[in-house]
Amino acid sequence: MELETPVALVIGANKGIGKAIARGLVMRGILVNLGARDVERGRQAAEELGAAGTVSFLSLDVLDEGSIAVAVQEIATRYGRLDILVNNAGISGQIKLPSEYTSADIRTVYATNVFAVVDVINAFLPLLQRSSAGRIVNVMGLSRRRRSVGWETSHGLFKLKDSFERVDRALCA
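In this text, all values refer to a predicted model and were calculated from it rather than measured experimentally.

Thresholds applied
- Sequence order as written defines the numbering, with residues in each chain counted from 1.
- Selection of residues for local features in this predicted model requires a pLDDT of at least 70, selection of side-chain atom pairs for listing and counting requires 80 or more, and totals for whole chains, interfaces and linings are taken over all residues.
- Each side-chain value is derived from all of the structure's non-hydrogen atoms; neither hydrogens nor water enter the calculation.
- Secondary structure counts use DSSP, requiring at least four H or I residues in a row for a helix and at least two E residues in a row for a strand, with both numbered from the N terminus.
- Per-residue accessibility, obtained with a 1.4 Å probe over protein chains only, is compared with the maximum for each type, and a residue is labelled buried under 20%, exposed over 50%, and partly exposed between these values.
- Only heavy atoms matter for contacts: two residues are in contact if any of them lie within 4.5 Å across the pair.
- Values of accessible area rely on a 1.4 Å probe in the Shrake-Rupley scheme; residue burial ignores everything except the protein chains shown.
- By definition, two strands form a pair when at least two bridges between them are found by DSSP.
- Geometry is summarised by axes, namely lines fitted to C-alpha atoms with helices restricted to the contacting stretch, and by angles between N-to-C directions that run from 0 to 180 degrees.
- Note on terminology: a nonpolar core comprises buried Ala, Val, Leu, Ile, Met, Phe, Trp, Tyr and Cys residues joined through side-chain atoms within 4.5 Å.
- If you view the pair so one helix is near and one far, a crossing is left-handed when the near helix is turned anticlockwise from the far one by less than a right angle, and right-handed when it is turned clockwise.
- Under the scheme applied here, ten amino acids are nonpolar (Ala, Val, Leu, Ile, Met, Phe, Trp, Tyr, Cys and Pro), four are charged (Asp, Glu, Lys and Arg), and all others, including Gly, are polar.
- Within this analysis, the arc is defined by the directions that extend from the helix axis to the C-beta atoms.

Participant: Describe in detail the overall build of the protein chain, supporting the description with residues and values.
Facilitator: From N to C terminus, the protein chain includes 6 helices and 5 strands. Taking all 173 residues of the protein chain together, 45% fall into the buried category. A sequence separation of at least 24 residues applies to 65% of the contacts in the protein chain between residues at least 6 apart. Element-wise, carbon and sulfur atoms account for 53% of the exposed surface of the protein chain, whose accessible area totals about 9100 Å².

Right, dumping it as structure tokens:
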């Protein structure tokens, strides 16, 4: 399918920053696929943001490889490419004293905020490479970093996520 209108996928777009990003893209005439694991809130957000044809809901759980694969296939079938991938799915975990965290707590945060980012990029990369100007945007809120698993651990996580910006340039050039 030849389509001149840019196509975006905003993951974690059913509320907050992700929803605001999706709104901004819609206002610029971009076709937005709103990815969220919460089906009810995702559909509601898609309805709020745009008329039929400008925003589509896409059920997507970044911790589920099968869910990611289905989302890739859906985008490939609908558009044949992806121009903009916004990774906004993330969790801060429970807020507690650093001494109260277990490795399981930290593992869950890293699985969502780091490893899932890599999984999603790798899965969507072939569609991004079909774009004449494919872009990846990785979002992580400042408050999420500071309230997460302690500043030192989160600061290292931020540096890793910050480096994804450089990966974007290399992969989509």
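Now that the structure has been shown, we can carry on.
Participant: How would you sum up the sheet that holds strand E5 (residues 135-138)? Please name residues and give values.
Facilitator: The 5 strands lie next to each other as E3-E2-E1-E4-E5, forming an open sheet whose pairing is parallel. Sheet topology places strand E3 (55-59) and E5 at the edges, where each strand pairs with a single neighbour. Across the sheet, the mean angle separating the axes of adjacent strands is 15 degrees when strand polarity is ignored. Sheet topology note: the strand E4 (residues 84-87)/E5 ladder contains 4 bridges and is parallel. Within the sheet, the bridge partner assigned to Ile84 lies in E5 and is Arg135. Helix H1 (residues 16-27) rests against strand E1 (7-11), strand E2 (31-36), E3 and E4 of the sheet, and its axis sits at about 170 degrees to E1. The sheet strands contacting helix H4 (residues 103-129) are E1, E4 and E5, and the helix crosses E4 at an angle near 175 degrees.

Participant: Go over the pairing of E2, please, and point to the residues and values.
Facilitator: When you tally the buried positions in E2, you get 6 out of 6 residues, the bulk of the element. Burial along E2 is two-sided: Leu31, Asn33 and Gly35 facing one way and Val32, Leu34 and Ala36 facing the other are all buried. Bridge count for E1 against E2 is 5 bridges, and the pairing is parallel. Bridge assignment links Val10 to a residue of E2, and that residue is Leu34.

Participant: With reference to specific residues and values, describe the nonpolar core.
Facilitator: By size, the foremost hydrophobic cluster in this structure holds 23 residues, and its most contacted members are Leu9, Ile11, Ile75, Leu82, Leu85, Val120 and Phe124. Mapped by element, the contributors of at least two residues to this core are E1, helix H3 (65-79) and H4. If you tally residues by element for this core, the top one is H4, at 7 residues. What Phe124 contacts, discounting residues up to four positions off in sequence, is Leu9, Ile68, Ala71, Val72, Ile75, Leu82 and Leu85. Judged by nonpolar contacts, the second largest core, of 18 residues, contains Val10, Ala22, Phe57 and Val86.

Participant: Talk me through the environment of Val32; I want residue IDs and the actual numbers.
Facilitator: Along the chain, the position of Val32 falls in strand E2. Taking the C-alpha atoms as reference points, Val32 and Thr54, separated by 22 residues in sequence, lie 6.1 Å from one another. Residues contacting Val32, with those up to four places away along its chain left out, are Ala8, Val10, Ala22, Leu25, Val26, Thr54, Val55 and Ser56.

Participant: Let's hear about the packing of H1 against helix H2 (residues 39-49): which residues, and what values?
Facilitator: Where H1 contacts H2, the axes come no closer than 10 Å and their chain directions differ by 35 degrees. Crossing hand, H1 versus H2: right-handed. Contacts between H1 and H2 involve Lys19, Ala22, Arg23 and Val26 from the former and Ala45, Glu48 and Leu49 from the latter. Residues belonging to the contact of H1 with H2 are distributed by class as follows: 4 nonpolar, no polar and 3 charged.

Participant: Please give an account of H2 that cites residues and values.
Facilitator: Buried within H2 are the following residues: Gly42, Ala45, Ala46 and Leu49. In a view along the axis of H2, the buried residues occupy a sector of 100 degrees, so they form one face of it. Turned more than 90 degrees away from the buried face of H2, the exposed residues are Glu40, Arg43 and Glu47. As for H2, its buried residues are in contact with H1, E2 and E3.

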